[in-house]
Amino acid sequence: MYEIHVLPATAEAIESNKRYPLGERHAITIFSRQSEGEEPNYQLAAERAFSSGWDDFEFDTTRTLVIAPEKVNLVQDEIFVQALNSALSNEAAVIVYADPINNSE
């Protein structure tokens, strides 16, 4: 059985595209499928998010969340539900927040 680990982080775009220029830093949320009962695997989550075009991760380890598949129906936010379902099917999903993080923050 699986559960989804929801891991907030910041990361740097490693592939330039129209939405996220190369090197721009953004807040992201990684949804990473793991076996039930495992501790959050930040390395695995980073590897999965890397394949989506992100690197140089800084995780907020104080705000991780674990969601069992049977609890997905309790989540109200449609984007989160889509990410949870995608992670269940494809091992991971990444939500990227549009506004870049200022270097001065």
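Calculation criteria
Residues numbered from 1 in each chain as written. Predicted model: local features only at pLDDT ≥ 70, side-chain atom pairs only at ≥ 80, totals over all residues. Heavy atoms only, no water. Phe/Tyr/Trp six-rings, centres within 6.5 Å; stacked < 30°, edge-to-face > 60°. Lys NZ or Arg CZ within 6 Å of the ring centre and 35° of its normal. Salt bridge = Lys/Arg side-chain N within 4 Å of Asp/Glu carboxyl O. Buried < 20%, exposed > 50% of the residue type's maximum accessible area, 1.4 Å probe, protein only. Core = buried A, V, L, I, M, F, W, Y, C linked by side-chain atoms within 4.5 Å. Helix = DSSP H or I, 4+ residues; strand = E, 2+ residues; numbered from the N terminus. Contact = heavy atoms within 4.5 Å. Pairing = 2+ DSSP bridges.

1. Comments concerning the packing of aromatic side chains
In this description, a pair of aromatic rings is defined by centroid distance and the angle of the planes.
Phase 1 of the analysis: As enumerated under the stated definition, the model contains four aromatic pairs in all.
Phase 2 of the analysis: Pairwise contacts between aromatic rings join Y42, F57 and F59 into one cluster.
Phase 3 of the analysis: Across from the ring centre of Y2, 4.1 Å away, lies the NZ or CZ of R33, which sits over that ring.

2. Overview of the pattern of salt bridges
Phase 1 of the analysis: Applying the stated criterion to the full structure yields five salt bridges.
Phase 2 of the analysis: Notably, a salt bridge pairs D60 with R63, separated by 3.3 Å at the nearest N-O pair.
Phase 3 of the analysis: The exposure class assigned to R63 is exposed, which follows from its relative accessible area of 56%.
Phase 4 of the analysis: What you see here is one network of salt bridges that share partners, running through R25, D56 and E58.

3. As for the nonpolar core
Phase 1 of the analysis: Ranked by internal contacts, the top residues of the largest apolar core, which has 13 residues, are A11, Y20, I28, I30, W54, F57 and V96.
Phase 2 of the analysis: Those elements that place two or more of their residues in this core are β1 (2–13), β2 (25–35), α1 (42–50) and β3 (54–59).
Phase 3 of the analysis: With four residues, the top contributor of residues to this core is β1.
Phase 4 of the analysis: Once you skip the residues sitting within four places of it in the chain, Y20 turns out to touch A13, E15, H26, W54 and V96.

4. Focus: the pairing of β2
Phase 1 of the analysis: Here β2 lies mainly inside the structure; nine of its eleven residues are buried.
Phase 2 of the analysis: As paired strands, β1 and β2 are joined by eleven bridges and run antiparallel to one another. Bridge pairing in β2 places Y2 opposite S35.
Phase 3 of the analysis: Where β2 lies against strand β5 (residues 92–100), six bridges are found, and the strand directions are antiparallel. Bridging across to β5, I30 finds its partner in V94.

5. Things to note about unusual backbone geometry
Trans peptide bonds make up most of the peptide bonds, and negative phi angles are found at most residues other than glycine.
Phase 1 of the analysis: In this model, D56 sits at a positive phi of 55 degrees, which is unusual for a non-glycine residue.
Phase 2 of the analysis: Mapping D56 onto the fold places it in strand β3.
Phase 3 of the analysis: Given the relative accessible area of 41%, D56 is considered partly exposed.
Phase 4 of the analysis: Phi is positive for E91, which is not a glycine, with a value near 80 degrees.
Phase 5 of the analysis: In this fold, E91 is placed in the loop between α2 (78–90) and β5.
Phase 6 of the analysis: According to the relative accessible area criterion, E91 is partly exposed, its value standing at 37%.

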